[in-house]
Amino acid sequence: MTMKIFIPRESTAVSLGAHDVAQAFTHYASHHDIDLKIIRNGSRGLFWLEPMIEIETAQGRMAYGPVASSDVESIMADITDNICHEKPPCHTLALGLTEEIGYLKKQTRLTFARAGIIDPVSLDDYLALDGFKGLQKSLALSTQEIVTAVVESGLRGRGGAAFPTGIKWQTVRDAVAEQKYIVCNADEGDSGTFADKLVMECDPFMLIEGIIIAGLAVGANQGYIYLRSEYPIADEILQQAIKIANEAGYLGDNICGSGKSFNLEVRLGAEAYICGEETALLESLEGKRGMVRFKPPLPALEGLFGKPTIVNNVLSLAAIPFIMSQGSQAYQQYGTNRSRGTLPFQLAGNVKQGGLIELPFGSSLQDLIDDFSGGTASDRPIKAIQVGGPLGAYLPLNKLDIPLDYEAFSQASAVLGHGGIVVFDDSVDMLEQARFSMEFCVVESCGKCTPCRIGSTRGVEVIDRIKNNERRAENMTLLNDLCDTMIDGSLCAMGSMTPIPVRSAYNDFPQDFYLPTQESNHD
Ligand SMILES: Cc1cc2nc3c(=O)[nH]c(=O)nc-3n(C[C@H](O)[C@H](O)[C@H](O)COP(=O)(O)O)c2cc1C
Ligand code: SF4
C-alpha cells in the first residue's frame, strides 16, 4: 500500500528545511523500496513545530515535528514499526494525531479550515472540501443579493481599518461605470503578520474564489493581487493556482458556463510599507511612485485608473467563500458586538509557540497568550505586547484583559489592525521602542505631508533628547504636542497613527522615560 506523507511547501517550513526533509524521505524510500507518496501541503501554522510532517493513517494524520533530514531514518522506523501496525508512535518528535494537537483544537478555523490539509495547487483537493461552492451559489444570485449577504455577515475589512466590507461593495456596485476593478491588497507589511501569506501559500483557490465573487457582486471583470515581492513562494503558488483556475473555467471568459468573465493577475510591489495604504497601492499598481492620494474621491468611486475599485485585504476576500457557501448567519454567529466572525491572529515575537491562531472575536488577549504562547522564548516575564502592527499600541500587563474586538481596542486607544501580536519580555526598553516607532515613520513616510515627513524626524530627535536627559520635562511636553500635530495634521493613517505606539510607551511605561508614574499621563 502507498504510504502518504505530507511535507509543507509553505515558506516558514521551507526556510526551516522542509525541502531537504522531503528530499531525505524520497531518498530513504527509494533505497528501502518503500512505496511512498510525498504531498507538499501548506502549513497548519504551528511554526515552532516546522517542518511538521504528517503521515496518513486509518485513524487520521499523525504528526512529527520539528523534523530535520537527520531524523528521517528514525521517523521511518517509528512509522513502519509502530504506526503501520496500529501501535502508538514512540519517536521523540511524535505529536500524535494532528487534529488533537491542543494549539489547533482550541481554534475556530473558518478561513483556515483547509490550511495544511490540502495540496494548495490541487483543484481536486479544494473541490473536495467545499471549494468553489460559494462561487456556484453566487452565480445563481443577483449582484444585490451577493452584496446583501456580505453586509449581513457583518464582515469588516481585515487590512486594518475594519471598514464594513459589504458597504464598500455596495458603493462600487452602485457606481455607474463601464469598467470596474477588484484589487486584493496582499502587501502585508505589518510587523509580526503572516496570515495573508499563509492564505496564499496554503489555500490560494479560496482567495481566487473570493475575488471572483467580489467581481460578480459589483460588475468588475478584472482583478489584481498586489503582492509584496518578499513573498516569492506565495507568488509562485498564486501563479500556478491562477493558471489552473483559468484552465478549469473558473477564471477567464464564460466562468463556469455563466457567460460572465473575470481575469486575475498578480502584480509585485517593491518593498515599501506605504504601498499597503490603499491609495498609494493604486498609484503603484498604475506604475507610479507609491504616494498617498487625497480622499475624496474614494477608491470605491475613483480608484484604479480612475475607475470604481474594491480594495480589500486578503483575509477579507478569503472570508467570502465561507460566507457565500455557508450563509451570512453561519459567519455572523461568531464574534461579539460589531466584530463578527473570526480573526486569524498571528502570534510572534518573544514566545515559545508562534503561529496562526484563528479565533472568534471576543476572547481576551490574556487568554490567547495563556492558551497558545507557551511562555516567552527567553523564559523572562512579559513586559509589553504590541497588537496591530507597527502603528499599534504597546499594551502593558494590566491591559491584557481587553477583549479582542475592534471597539474594545479602540476604547483603550489601541488597534486590532490585521491581528498581529508581538510579545516583548522585560528586557525591552520602551523609550527605544517609541524611538523605533518614530524612526519607522521617518523611513516609511511617503513624504507628501509635513506632519508625518518632518514630524517623525523631529520625533526621533526629541526622544533622543529625553534619553540624554536634556530638559526632560520640556521635551516630554514637546513630544506630546508633536503627537497631537501628527494626529491632527497627517493626510493618512501612517502619520496619524504613529503617535499610538509612542504615547502608549510613555503613558504605560513611564519608568522607561525616567518619569515618575503620576506625571505620565500626557494625552
Ligand atoms: C500605512 C498603511 C499601511 C497599510 N498596509 C496595509 C497592508 O499591508 N495590507 C492591507 O490589507 N491593508 C493595509 N492598509 C489598509 C489599507 O489602506 C486599506 O484600508 C485596506 O486594504 C482595505 O481593505 P479591507 O477593507 O479589506 O481591510 C494600510 C494602511 C496604512 C495607512
Ligand atoms: S501621513 Fe505620511 S505617509 Fe501619509 S500621506 Fe502624509 S507623508 Fe505620506
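Whatever comes next refers back to the structure up there.
Read on for an overview of the structure. Not measured: the values here are computed from a predicted model. Every chain's residues receive numbers from 1 upward, in the order its sequence appears when written. Here every chain gets a letter starting at A, and every ligand a number starting at 1, in the order they are written. pLDDT decides what is reported in this predicted model: residues at 70 or higher carry local features, side-chain atom pairs at 80 or more are listed and counted, and totals for whole chains, interfaces and linings draw on all residues regardless. The side-chain values count all of the structure's non-hydrogen atoms but skip hydrogen atoms and water molecules.

1. Some remarks on the pairing of strand S1 (residues 3-6)
Filter applied, for reference: When DSSP finds at least two bridges between two strands, those strands are taken to pair. Secondary structure counts use DSSP, requiring at least four H or I residues in a row for a helix and at least two E residues in a row for a strand, with both numbered from the N terminus.
The pairing of S1 with strand S2 (residues 36-39) spans 4 bridges and is classified as parallel. Each bridged residue has a counterpart across the sheet, and for Met3 the counterpart in S2 is Leu36.

2. Regarding helix H7 (residues 143-153)
This is how it is decided: Throughout this description, buried means an accessible area under 20% of the type-specific maximum (1.4 Å probe, protein chains only), exposed means over 50%, and partly exposed covers the range between. The directions considered for the arc run from the helix axis to the C-beta atoms. In this analysis, two residues are considered to be in contact whenever any of their non-hydrogen atoms come within 4.5 Å of each other.
Taken residue by residue, H7 has Ile146, Val147, Ala149, Val150 and Ser153 as its buried positions. The buried residues of H7 all sit within an arc of 155° when viewed along its axis, so they share a single face. At its buried positions, H7 is contacted by helix H6 (133-139), helix H8 (165-174), helix H10 (204-218), helix H13 (314-326), helix H14 (328-332) and strand S11 (339-340). Downstream of H7 by a residue or two, Gly154 has a phi angle that is positive, lying close to 80°.

3. Some thoughts on the site of ligand 2
The condition that has to hold: Throughout, the term near means that a residue has one or more heavy atoms lying within 4 Å of the molecule or strand in question. Buriedness of a pocket was judged along seven lines, with at least five required to meet protein on both sides within 12 Å; pockets are open sets of points on a 1 Å grid over the protein atoms alone, cavities are sets where a 1.4 Å probe fits but cannot get out, and lining residues have an atom within 4 Å of a point. Molecule-in-pocket calls rest on the fraction of atoms, with more than half required to lie within 2 Å of the cavity or pocket grid points.
Close to ligand 2 lie 13 residues, the nearest being Cys446, Lys448, Cys449, Cys452 and Cys492. Structurally, ligand 2 is housed in the largest cavity.

4. Things to note about the packing of aromatic side chains
The relation between two aromatic rings is expressed through the spacing of the ring centres and the mutual angle of the planes. So the rule is basically this: The criterion for an aromatic pair is that two Phe, Tyr or Trp rings (for Trp, the six-membered ring) have centres within 6.5 Å, with stacked assigned to planes under 30 degrees apart, edge-to-face to planes over 60 apart and tilted to the rest. The rule is short: NZ of Lys or CZ of Arg within 6 Å of the ring centre and within 35 degrees of the ring normal puts a charge over the ring.
Within the structure shown, the criterion is met by 15 aromatic pairs. Centre to centre, the rings of Tyr126 and Phe205 are 5.6 Å apart; their planes meet at 35°, and the pair counts as tilted. Taken together, the positions of Tyr126 in helix H5 (residues 123-128) and Phe205 in helix H10 put the pair 79 residues apart, joining distant regions of the chain. Members of the aromatic cluster, connected to one another through ring pairs, are Tyr126, Phe132, Phe205 and Tyr250. Stacked on the ring of Phe6, the Lys or Arg Arg61 has its end atom at 3.5 Å from the ring centre. The residue whose ring lies beneath Lys197 is Tyr231, and the NZ or CZ to ring-centre distance is 6.0 Å.

5. Section: the site of ligand 1
Filter applied, for reference: Polar contact is defined as a pair of N or O atoms within 3.5 Å, subject to the rule that within protein one atom must be able to donate a hydrogen and the other to accept it, and that residues adjacent in sequence are counted only when both atoms are side-chain atoms. Residue exposure ignores everything except the shown protein chains as possible cover, and the areas themselves are Shrake-Rupley values with a 1.4 Å probe. When residues are sorted by character, Ala, Val, Leu, Ile, Met, Phe, Trp, Tyr, Cys and Pro go into the nonpolar class, Asp, Glu, Lys and Arg into the charged class, and all the rest, Gly among them, into the polar class.
In the region of ligand 1, 19 residues are neighbours, and Gly159, Glu278, Asn312, Asn313 and Ser316 sit closest. One nitrogen or oxygen atom from the main chain of Glu188 is found 3.1 Å from an oxygen atom belonging to ligand 1. Glu278 places a main-chain nitrogen or oxygen 2.9 Å from an oxygen atom of ligand 1. Considered on its own, ligand 1 offers 610 Å² of accessible surface; in the complex 91% of this is hidden by protein. The site holding ligand 1 turns out to be the largest pocket. Of all the elements in the fold, those that place two or more residues in the shell around ligand 1 are strand S9 (309-313) and helix H20 (493-497). When residues in the shell around ligand 1 are grouped by element, the largest group, 3 residues, is from S9. The residue inventory of the shell around ligand 1, partitioned by class, reads 5 nonpolar, 8 polar and 6 charged.

6. What about helix H12 (residues 278-285)?
Among the 8 residues that make up H12, 6 are buried, leaving the element largely enclosed by the rest of the structure. Within the span of H12, buried status applies to Thr279, Ala280, Leu281, Leu282, Glu283 and Leu285. Tucked into the core, H12 has its buried residues touching strand S6 (181-186), strand S7 (222-227), strand S8 (263-268) and S9. The positive-phi residue at the C-terminal boundary of H12 is Gly287, with phi of around 90°.

7. What about the layout of surface pockets?
Over the atoms, a rolling probe the size of a water molecule traces out where space has been left empty. Spelled out, the test is: Grid points are joined across faces, edges and corners, and a volume is the space filled by probe spheres set on the points.
Considering only enclosed or pocket space, the largest pocket measures out at about 1,300 Å³ in volume. No other element matches S9, which puts 4 residues into the lining of the largest pocket. Within the lining of the largest pocket, the residues separate by chemical class into 24 nonpolar, 16 polar and 9 charged. Within this model, the second largest pocket holds a volume of roughly 270 Å³. The biggest single contributor to the lining of the second largest pocket is strand S3 (residues 53-57), with 3 residues.

8. Overview of the sheet that holds strand S13 (residues 355-360)
Hydrogen bonding along the main chain pairs the strands of a sheet, whether they run parallel or antiparallel. Convention followed: Lines fitted to C-alpha atoms define the axes, with helix axes restricted to the stretch in contact, and inter-axis angles between N-to-C directions lie between 0 and 180 degrees.
A sheet is described by the order of its strands in space; here 5 strands give the open sequence S13-S12-S16-S14-S15, paired in mixed fashion. The sheet is open, and its two borders are formed by S13 and strand S15 (394-395), each paired with just one other strand. Both strand S14 (residues 382-387) and strand S16 (residues 420-425) contribute to a ladder of 5 bridges, which runs antiparallel. Counterpart to Val387 in the pairing with S16 is Ile421. Relative to strand S12 (residues 342-349), helix H15 (residues 365-373) is tilted by about 65°, and along the sheet it contacts S12, S13, S14, S15 and S16.

9. Things to note about the nonpolar core
The cut-off we apply is this: Nonpolar core, defined: a set of buried Ala, Val, Leu, Ile, Met, Phe, Trp, Tyr and Cys residues in which side-chain atoms within 4.5 Å join the residues together.
Counting residues in hydrophobic clusters, the biggest one holds 64 residues, and the most contacted among them are Trp169, Met200, Leu207, Ile208, Ile211 and Ile225. The element best represented in this core is H10, accounting for 11 residues. With sequence-adjacent residues up to four places away left out, Ile211 is seen in contact with Ile182, Cys184, Ile225, Phe262, Leu264 and Leu317. Listed in part, the 36 residues of the second largest apolar core include Tyr273, Ala280, Ala384 and Ala434.

10. Comments concerning the sheet that holds strand S5 (residues 94-97)
Pairing within the open sheet is mixed, and its 5 strands lie in the order S2-S1-S3-S4-S5. Whereas interior strands pair on both sides, the edge strands pair on one side only; in this sheet they are S2 and S5. When the angles between neighbouring strand axes are averaged without regard to direction, this sheet yields 25°. Contacts from helix H2 (residues 18-31) reach S1, S2 and S3 within the one sheet, and its direction differs from that of S2 by about 170°. Each of S1, S3, strand S4 (60-64) and S5 is contacted by helix H3 (residues 72-81), which is oriented at about 135° to S1, the strand it contacts most.

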